[in-house]
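What follows is the residue order along each chain.
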Amino acid sequence: AAITLGACNNADDSRQGTSNSKPNEGSLRSPEPARNGVDANGNATVNSNSSAASQNDALRNSFWMTAAQGGIAEVELGKIAQTKAANAEVKNFAKMMVEEHSKANNELKSLAAKRNITLPTTMNSGNQATLTELQNLVGEEFDREYVAAMVDNHEADVQLFESQAADESDPD
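None of these values were measured; they are calculated from a predicted model.

Could you clarify how one ought to interpret the pattern of salt bridges in this entry?
In a structure, side chains of opposite charge can pair up when their charged atoms sit close to one another. For the coordinates displayed, the defined rule picks out 2 salt bridges. K95 is paired through a salt bridge with E99; the nearest N and O atoms lie 3.5 Å apart. Here K95 and its partner E99 are both found in helix α3 (residues 88-114), 4 residues apart, which amounts to about one turn of the helix. Judged by relative accessible area, E99 falls into the partly exposed class, the value being 39%.

Any chance you could explain α3 here in plain terms?
One full turn of an α-helix is made of 3.6 residues, so residues set three or four places apart face in the same direction. Here α3 contains 27 residues, and its C-alpha end-to-end distance of 39 Å stays within 8% of the 39 Å for a straight helix at 1.5 Å per residue. Looking at α3, one finds that the buried residues are V90, F93, A94, M96, M97, V98, H101, A104, N105, L108, L111 and A112. The N-capping residue of α3, defined by a side-chain oxygen 2.6 Å from the backbone nitrogen of E89, is N87.

I'm lost on the side chain of D143 in this one. Help?
Relative to the helices and strands, D143 resides in helix α5 (residues 139-167). As a buried residue without a salt bridge, D143 has its nearest oppositely charged side chain in K91, at a separation of 8.1 Å. Within the structure, D143 has its side chain in polar contact with the backbone nitrogen of N87 (distance 2.9 Å). Setting aside chain neighbours within four positions, we find D143 in contact with A85, A86, N87 and V90.

Teacher, can you tell me more about the packing of α3 against α5 here?
Two quantities define a packed helix pair, namely the angle between the axes and the distance from one axis to the other. Closest axis-to-axis distance for the α3/α5 pair is 11 Å, and the angle between their directions is 35°. Crossing angle aside, the handedness with which α3 passes α5 is left-handed. Residues V90, F93, A94 and M97 of α3 form the contact with α5, whose own contacting residues are D143, Y146, V147 and M150.

What's the story with the environment of W64 in this structure? I'm lost.
On the secondary structure map, W64 appears in helix α2 (residues 52-84). Between the C-alpha atom of W64 and that of L119, which follows or precedes it by 55 residues, the distance is 6.9 Å. Ignoring anything within four residues of it in the chain, the contact list for W64 reads L108, L111, A112, R115, I117 and L119.

Reading the values: rules and limits
Residues numbered from 1 in each chain as written. Predicted model: local features only at pLDDT ≥ 70, side-chain atom pairs only at ≥ 80, totals over all residues. Heavy atoms only, no water. Salt bridge = Lys/Arg side-chain N within 4 Å of Asp/Glu carboxyl O. Helix = DSSP H or I, 4+ residues; strand = E, 2+ residues; numbered from the N terminus. Buried < 20%, exposed > 50% of the residue type's maximum accessible area, 1.4 Å probe, protein only. Expected span 1.5 Å × (residues − 1). Polar contact = N/O pair within 3.5 Å; in protein donor to acceptor, adjacent residues only side chain to side chain. Lys, Arg positive; Asp, Glu negative; His and termini not counted. Contact = heavy atoms within 4.5 Å. Axes fitted to C-alpha atoms, helices over the stretch in contact; angles between N-to-C directions. Left-handed = near helix turned anticlockwise from the far one by under 90°.

Below is the structure:
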């Protein structure tokens, strides 16, 4: 599953701090990894009354759900940025995000299939809100908010994958 994170490692972190938006507000960043199943908004959830073993299974499953939803968002937002971005570097970055995350999404699907895990095929509500927000922006404002969303998502992805790696015995 580390391949999905690898796609984000190509991002240029020098663009950090380019937005005045607050973390978790209209950004791709998930406040915390999703847990145990999926709620009405497409976000995974966990039942705190579950046994420790089933909670571990639920958390592992939530990793897959969160990673898949984030990957889908990266691709969809990148597609929009390729057409809406004002800056050529932002357009090139978006193209790279679409290519890399499409590959990573395919690898994630393959790994999930080996484990008999069904992944979501759509973004969660937070990612959809970011998409809608970006669709309404133009020019430099679009570029700034798109890059800020990518930085936020990258940071959340690193946290998600590091947490999964620390808790997971599966070498894939």
